[in-house]
Amino acid sequence: QVQLVESGGGLVQAGGSLRLSCAASGRIFSINAMGWYRQAPGKQRELVATITLSGSTNYANSVQGRFTISRVNAQNTMYLQMNSLKPEDTAVYYCNVNLRRGANNLDYWGQGTQVTVSS
């Protein structure tokens, strides 16, 4: 019943910028945190950035200073502004939300959006 839809991926030249969006819908009553993850072919999915309802953010060292995560609570929407992109940023980027559902905390994932950075 919870759906996450990412958008904004594409092909960009090294040094360029992209802005990813994640729109959440469905039975969303309590968001503990939201975040962006990415997965390159043959590699493990890794954390890129997270943001809590209070606005506290955390970033992977590899994107610190280049990426900015933000959210709009009223629309259950999250963004990832990516600047100074590098070829190593190439990956499928996934939106994640951690929801309180009764006594449990559950993770939900979007379908992913491809980001390709050319050198």
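See the structure printed just above.
Residues numbered from 1 in each chain as written. Predicted model: local features only at pLDDT ≥ 70, side-chain atom pairs only at ≥ 80, totals over all residues. Heavy atoms only, no water.

Draft legend 1. Quick look at the pairing of strand β10 (residues 104–109). Of the pairings in the sheet, the one linking strand β9 (residues 91–101) to β10 comprises six bridges and is antiparallel in character. In the sheet register, Asn96 faces β10, and the bridge partner there is Trp109. (Pairing = 2+ DSSP bridges. Helix = DSSP H or I, 4+ residues; strand = E, 2+ residues; numbered from the N terminus.)

Draft legend 2. Local environment of the state of the cysteines. Scanning the entire structure with this criterion turns up one disulfide. A sulfur-sulfur distance of 1.8 Å marks the disulfide that ties Cys22 to Cys95. As the torsion about the S-S bond is roughly -75 degrees, the Cys22-Cys95 disulfide counts as left-handed. You can see Cys22 sitting in strand β3 (residues 18–25) and its partner Cys95 sitting in strand β9, a full 73 residues away along the chain. (Disulfide = S-S within 2.5 Å.)

Draft legend 3. Here's a closer look at the sheet that holds β3. What the four strands build is an open sheet, ordered β1-β3-β8-β7; its pairing is antiparallel. Each edge of the open sheet carries a strand with a single partner, namely β1 (3–7) and β7 (67–72). Across this sheet, the average inter-strand angle for adjacent strands is 15 degrees, counted without regard to direction. Bridge analysis of β3 against strand β8 (residues 77–82) gives six bridges, and the strand direction is antiparallel. Bridge assignment links Ser21 to a residue of β8, and that residue is Tyr79. (Axes fitted to C-alpha atoms, helices over the stretch in contact; angles between N-to-C directions.)

Draft legend 4. Expanded view of the environment of Lys43. One can find Lys43 in the loop between β4 (31–39) and β5 (46–52). Measuring from C-alpha to C-alpha, the distance between Lys43 and Ala91 comes to 9.6 Å, with 48 residues separating the pair along the chain.

Draft legend 5. Examining the nonpolar core more closely. By size, the foremost hydrophobic cluster in this structure holds 32 residues, and its most contacted members are Trp36, Leu80, Met82 and Tyr93. Looking at this core, the elements that each hand over two or more residues are β3, β4, β5, β7, β8, β9 and β11 (113–118). The element contributing the most residues to this core is β9, with five residues. (Core = buried A, V, L, I, M, F, W, Y, C linked by side-chain atoms within 4.5 Å. Buried < 20%, exposed > 50% of the residue type's maximum accessible area, 1.4 Å probe, protein only.)

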